[in-house]
Protein chains: 2
Amino acid sequence: MNLNAIDRYAKSLIKEAGHKIRVSFFNTIDIDSKADANDLVTNIDKEIERFVVDRVKQDFPEHKIVSEEGFGDKITSLDGTVWFLDPIDGTMNFIHQRRNFAISLGIYVDGVGMLGYIYDVMGDDLYHAAKGEGAYFNDERLPQLEITPLEEALIGINASWVAPNTKVDNDKIIQLVTRCRGTRSYGSAAIELAYVSSGRIDAYISMRLAPWDIAGGIVIAQEVGAVATSLQGEAPHLLGTDTFIVTRPGLHEEILSKYIRLK
Amino acid sequence: MNLNAIDRYAKSLIKEAGHKIRVSFFNTIDIDSKADANDLVTNIDKEIERFVVDRVKQDFPEHKIVSEEGFGDKITSLDGTVWFLDPIDGTMNFIHQRRNFAISLGIYVDGVGMLGYIYDVMGDDLYHAAKGEGAYFNDERLPQLEITPLEEALIGINASWVAPNTKVDNDKIIQLVTRCRGTRSYGSAAIELAYVSSGRIDAYISMRLAPWDIAGGIVIAQEVGAVATSLQGEAPHLLGTDTFIVTRPGLHEEILSKYIRLK
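Residues numbered from 1 in each chain as written. Chains lettered and ligands numbered in written order. Predicted model: local features only at pLDDT ≥ 70, side-chain atom pairs only at ≥ 80, totals over all residues. Heavy atoms only, no water.

## Points about the side chain of Glu-49 of chain B
All names here are of chain B.
Right, on to step 1. Structurally, Glu-49 is set in helix H3 (residues 37-59).
Right, on to step 2. Despite its burial, Glu-49 remains without a salt bridge, the nearest opposite charge being carried by Lys-74 at 8.2 Å.
Right, on to step 3. There is a polar contact of 2.7 Å between the side chain of Glu-49 and the backbone nitrogen of Glu-69.
Right, on to step 4. Ignoring any residue separated from it by four or fewer positions in sequence, one finds Glu-49 in contact with Ser-67, Glu-68, Glu-69, Gly-70, Phe-71, Gly-72, Leu-85 and Pro-87. (Helix = DSSP H or I, 4+ residues; strand = E, 2+ residues; numbered from the N terminus. Buried < 20%, exposed > 50% of the residue type's maximum accessible area, 1.4 Å probe, protein only. Lys, Arg positive; Asp, Glu negative; His and termini not counted. Salt bridge = Lys/Arg side-chain N within 4 Å of Asp/Glu carboxyl O. Polar contact = N/O pair within 3.5 Å; in protein donor to acceptor, adjacent residues only side chain to side chain. Contact = heavy atoms within 4.5 Å.)

Structure, rendered in structure tokens:
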């Protein structure tokens, strides 16, 4: 398989999908004021997903594609080449803000992440990586992440996990957010993964993410030395939803051992 | 006083200051790797503030200017024309991310906000307003904000206020973040005020802000019908630090009465 050719193909496809999304904001201004905002996002989500899925199925008929709205394949194993696509990661931002959402794509071969893409559509910022060949922010190579102590770390975590919840002991999370330098929450797992990979935040934690939310970002994160696992410390499994953490080197074990107690 | 002329002057000055900040990222790449990151930000913060203060003092000698690093004036009343400047709002983002920070400027006459500016420097996005003449995002007029129920609201609040803290009863904040549609935290009061004004989030709450953090944003927010007060419901006072809330119409009273209990 020629991964370089697939890489060029995927980049081109993502940029075209992003252009369609940006254009949709002009085309749907009338619809926007009449219809429910959730309809709008569903339609565009589906339209973009269908566009990408159709292209991939046509040009790579032997590949599988797993995607949020269900136009792709149902898979029960990671054998072969699998594309994981979220056409619009950060749905609520898409509706409310018309920015701060991303196209997320990961291409895996026999369960190993080979190519990863996070495209911040409105910022026109592409984060991408190929396994063993480094990660890039647009055309700039991202440096290896250095160790940061927790006291100097900015952590991406939503305030809802600091409140009592069914997933994790929030007393420990309170200790974490009190001890670190600060917290952020951007509302898109893909963008937060891209931010960890580019050193803009130092960790990102979520209690429930799907494979298409994280598959692309994991490839990018691993190329710069970040550590990505479930909150049980296992390799992210890509056949169902799970908890998730990605951090710079040095933070992962400390956060998991001292501040995460799953219910 | 010719406010239109001051408006043109202020916009030009802000854009020039933003350009200086962007250029500083190139000039200080060497210094960046040797020196402490906090030194870098302090130097640029001070350099930009000094640049703006010197210009304003030269061209408007009768005006006062109040600014974060202290190159401006100490004021004890709001009489006359007062400029409130934060050269880099979102200092931690500036250091860690090199994006998601803003120049914030408000120009008040006898305590009344006449002109307001929030300039997202790396996004090159200017939010601005003149009292009675509407608010703008770049060249686009921002529409009046409509009422949104709390259940559909995105609220800007940092996770640290959901944890036990000395300022506010966090049990009530937990109820708030659980009841609303979602929360975000961007790490810049000015940007969160700009986001409320442009409808991207529906409220923003902070327990401690200085006049230069909010003075510009308040002018913009008020032009689109947002409500900005202290958490005691009083008009934001611009002679010292205070709590702060800004919301779309409809949310302000509900949040203050049901979810805020100051210590």
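## Brief notes about the domain arrangement of chain A
Residue and element names in this part refer to chain A.
Right, on to step 1. Domain annotation for chain A reports domain 1 (3-141) and domain 2 (150-259).
Right, on to step 2. Between domain 1 and domain 2, the C-alpha centre-to-centre distance is 22 Å.
Right, on to step 3. Taken together, the links from domain 1 to domain 2 amount to 10 residue pairs in polar contact (both at pLDDT 80 or more).
Right, on to step 4. Of all elements in the fold, only strand E1 (64-67), strand E2 (81-89), strand E3 (102-109), strand E4 (112-120), strand E5 (125-130) and strand E6 (135-137) reach the threshold of two or more residues within the side of domain 1 that touches domain 2.
Right, on to step 5. Per-element accounting of the side of domain 1 that touches domain 2 gives the leading share, seven residues, to E4.
Right, on to step 6. Residues that form the side of domain 1 that touches domain 2 fall into these classes: 18 nonpolar, 13 polar and six charged. (Domains from an automatic or database assignment. Nonpolar A, V, L, I, M, F, W, Y, C, P; charged D, E, K, R; others polar.)

## Notes on the nonpolar core
Right, on to step 1. Within the largest apolar cluster, 78 residues are counted, with the highest numbers of intra-cluster contacts made by Phe-244 and Val-246 of chain A together with Phe-244 and Val-246 of chain B.
Right, on to step 2. Residues Ile-157 and Leu-256 of chain A together with Ala-203 and Ile-255 of chain B belong to the second largest nonpolar core, which totals 48 residues. (Core = buried A, V, L, I, M, F, W, Y, C linked by side-chain atoms within 4.5 Å.)

## Quick notes on the UniProt feature "binding site: Mg(2+)" (unreviewed entry) in chain A
All names here are of chain A.
Right, on to step 1. UniProt records the feature "binding site: Mg(2+)" (unreviewed entry) for Glu-68, Asp-86, Ile-88, Asp-89 and Asp-213 in the present numbering. Judged by maximum C-alpha separation, these annotated positions cover 146 residues in sequence but sit close together in space, the widest gap being only 9.4 Å.
Right, on to step 2. With respect to the helices, strands and loops of the structure, Glu-68 is situated in the loop between E1 and E2.
Right, on to step 3. We classify Glu-68 as partly exposed; its relative accessible area is 31%.
Right, on to step 4. Apart from the residues lying within four places of it in its own chain, the contact partners of Glu-68 are Glu-49, Leu-85, Asp-86, Pro-87, Ile-88 and Trp-212.
Right, on to step 5. In this fold, Asp-89 is placed in strand E2.
Right, on to step 6. Classification of Asp-89 as buried rests on a relative accessible area of 4%. (UniProt positions renumbered as here; feature names shortened; annotations may be inferred.)

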